[in-house]
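Structural overview
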Amino acid sequence: MSEPVARAVAILKRGGLVAFPTETVYGLGADAASDAAVARIYRVKGRPAGHPVIVHIDAAAKLGDWALEVSDSARILAARFWPGPLTLILKKAPRVAGVATGGQDTVGLRVPDHPVALSLLRSFGGGVAAPSANRFGRVSPTTAEHVRQDLGGDVDFILDGGPCSIGVESTIVDFSSGDPVILRPGGLTKERLEEALGCSVPVKGVGLVRVSGQLESHYAPRAMVLIAPPADSGRMADDLRSKGKRVALLGDKDVAAPLLYASLRRADESGVDVIVVPLPEEEGLGLAVADRLRKAAGKR
Ligand code: TXA
Ligand code: MG
């Protein structure tokens, strides 16, 4: 265990908050078994209490310790894609703290694919509840510096593992009411999920289950975000500039998953009024990017 990981483990054990890198985005972690520690995550994020957080564990083999009634399909996905950018929603085992699940009888579980995160989880031994390490509703952090800028002194320690390789959050697959449903497209593509299960897996719209990423506005920079129809973005930006707006025009490369959030943050820092973004093809990781851009552009 490295010295920073040892320090992070000690902080988690005394109920503190540790930001840590994953392959998707940085998480704001607390001991999942401690209601008081998890409650602090909500306070720091400014997150409404009804929104459950993902519990991170260190191995697919431990799924049975955290969830009940795990179906064969859920086991197949865990065995095949963990560690990786996949969160499974399952019936919770009694040991899961009520605060982490937002009072629901289900739990979101994930094994992150990042050496620092895995070292932290193995050394800590328990589950680490962690939402993305940003203030509620804002752009997720993909570097330790983003976390520092967003949360500063409100987090006890930040583990720096460099920039996140995937750059968008995990794909959330809900098994709690039988057949799998994608609640949030993410780093594991729908195509790969369907190939592993041998059936189609629908993407669910707003439903009964409370998923914060399904509010109309989420993942939002301060500037207004405008989605441009293909080939129209340059003209749209010029129009806005001629009306006196300060505009950032992002290209296809800027909104590729690994750069997406950093690009939105950079545009914001440059002080523009409007960020014009192109919508990618909705296949592969483009499905998750398009979802985030729509939410970033959503009604405030
Ligand atoms: O990639 C990720 O998933 C990152 C890293 C840190 O692991 N985490 C992340 O957490 O994106 P967060 O809290 O920003 O988003 C988790 C989403 C929320 O929309 C939450 O409502 C949903 O997962 N969620 C968690 N537990 C759930 C449950 N039991 N039922 C339904 N949705 C759940
Ligand atoms: Mg988030």
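Structure: see above.
Being a predicted model, the structure only gives us computed values, none of them experimental. (Residues numbered from 1 in each chain as written. Chains lettered and ligands numbered in written order. Predicted model: local features only at pLDDT ≥ 70, side-chain atom pairs only at ≥ 80, totals over all residues. Heavy atoms only, no water.)

1. Notes on the overall build of the chain
- Scanning the chain from N- to C-terminus turns up 10 helices and 13 strands.
- A compact globule built from 300 residues would reach a C-alpha radius of gyration of about 19 Å, and the chain, at 19 Å, matches this within 12%.
- Taking the principal axes of the C-alpha coordinates as reference, the chain spans close to 60 × 45 × 30 Å.
- Residue burial in the chain is summarised as follows: out of 300 residues, 55% are buried.
- Counting contacts in the chain only where the partners sit at least 6 residues apart, residues at least 24 apart contribute 69% of the total.
- For the chain, the accessible surface area stands at approximately 12500 Å², while carbon and sulfur atoms represent 53% of it.
- Here the chain contributes 37 positively and 34 negatively charged side chains, and the mean placements of these two sets differ by 5 Å. (Helix = DSSP H or I, 4+ residues; strand = E, 2+ residues; numbered from the N terminus. Rg over C-alpha atoms; globule rule 2.2 N^0.38 Å. Buried < 20%, exposed > 50% of the residue type's maximum accessible area, 1.4 Å probe, protein only. Contact = heavy atoms within 4.5 Å. Areas by Shrake-Rupley, 256 points an atom, 1.4 Å probe, with all protein chains shown as cover. Lys, Arg positive; Asp, Glu negative; His and termini not counted. Charge placed at Lys NZ, Arg CZ, Asp CG, Glu CD.)

2. Thoughts on the sheet that holds strand 11 (residues 224-228)
- The 3 strands are arranged 11-13-12 in an open sheet whose pairing can be described as parallel. Only two strands of the sheet have a single neighbouring strand rather than two, namely strand 11 and strand 12 (247-249). Neighbour-to-neighbour, the strand axes of this sheet turn through a mean angle of 25 degrees, independent of strand direction.
- The sheet contact formed by strand 11 and strand 13 (residues 274-278) spans 5 bridges and is parallel. Looking at strand 13, one finds that Ile 227 is bridged to Val 277.
- Most of the contacts of helix 8 (residues 233-242) go to strand 12, to which it runs at about 170 degrees, and overall it touches strand 11, strand 12 and strand 13.
- Those strands touched by helix 10 (residues 286-296) are strand 11 and strand 13, and its axis lies near 130 degrees from that of strand 11. (Pairing = 2+ DSSP bridges. Axes fitted to C-alpha atoms, helices over the stretch in contact; angles between N-to-C directions.)

3. Here we look at empty space enclosed by the protein
- Overall, the coordinates contain 3 cavities of 30 Å³ or more when judged by the stated rule.
- Approximately 40 Å³ is the volume attributed to the second largest cavity.
- Contributing to the lining of the second largest cavity are Thr 171, Ile 182, Pro 185, Gly 186, Leu 188, Thr 189, Lys 190, Leu 193, Gly 284, Leu 287 and Ala 288.
- Sorting the residues of the lining of the second largest cavity by element identifies helix 7 (190-197) and helix 10 as the ones contributing at least two each.
- Residue classes in the lining of the second largest cavity are distributed as 6 nonpolar, 4 polar and 1 charged. (1 Å grid on protein atoms, 1.4 Å probe; cavity = no way out; pocket = protein on both sides within 12 Å on 5 of 7 lines; lining within 4 Å. Points joined across faces, edges and corners; volume = space filled by probe spheres on them. Nonpolar A, V, L, I, M, F, W, Y, C, P; charged D, E, K, R; others polar.)

4. Some remarks on helix 5 (residues 115-124)
- Inspection of helix 5 places Val 116, Ala 117, Leu 118, Leu 120, Leu 121 and Phe 124 among the buried residues, and these make up the whole buried set.
- Structurally, helix 5 contributes buried residues whose contacts are with helix 1 (3-13), strand 1 (18-20), strand 2 (27-31), strand 3 (54-56) and strand 7 (128-129).
- Where helix 5 terminates, the next one or two residues include Gly 125, which has phi positive at roughly 95 degrees.

5. Digging into unusual backbone geometry
- With an omega of -5 degrees, the peptide bond running from Trp 82 to Pro 83 counts as cis.
- Among the structural elements, Pro 83 can be located in the loop between helix 4 (72-81) and strand 5 (86-92).
- Positioned with a positive phi, Glu 69 is a non-glycine residue whose angle comes to about 50 degrees.
- Along the chain, Glu 69 turns up in the loop between strand 4 (67-68) and helix 4.

6. Topic: helix 7
- Along helix 7, the residues classified as buried are Leu 193, Glu 194, Ala 196 and Leu 197. On an axial view of helix 7, the arc spanned by its buried residues comes to 160 degrees, and they lie on one face.
- Where helix 7 is buried, its residues meet helix 4, strand 5, strand 9 (171-174) and strand 10 (181-184).
- Two residues or fewer past helix 7, Gly 198 is found with a positive phi of approximately 70 degrees. (Arc of directions from axis to C-beta.)

7. Structural notes on the packing of helix 1 against helix 5
- At a closest axis distance of 9 Å, the pairing of helix 1 and helix 5 adopts a crossing angle of 50 degrees. Taken together, the axes of helix 1 and helix 5 lie oblique to each other. Between helix 1 and helix 5 the crossing geometry is right-handed. Every residue of helix 5 that contacts helix 1 at Val 5, Ala 8, Val 9, Leu 12 and Lys 13 is listed here: Val 116, Ser 119, Leu 120, Ser 123 and Phe 124.
- Among the residues forming the contact of helix 1 with helix 5, the class breakdown is 7 nonpolar, 2 polar and 1 charged. (Parallel < 35°, antiparallel > 145°, perpendicular 65-115°, else oblique. Left-handed = near helix turned anticlockwise from the far one by under 90°.)

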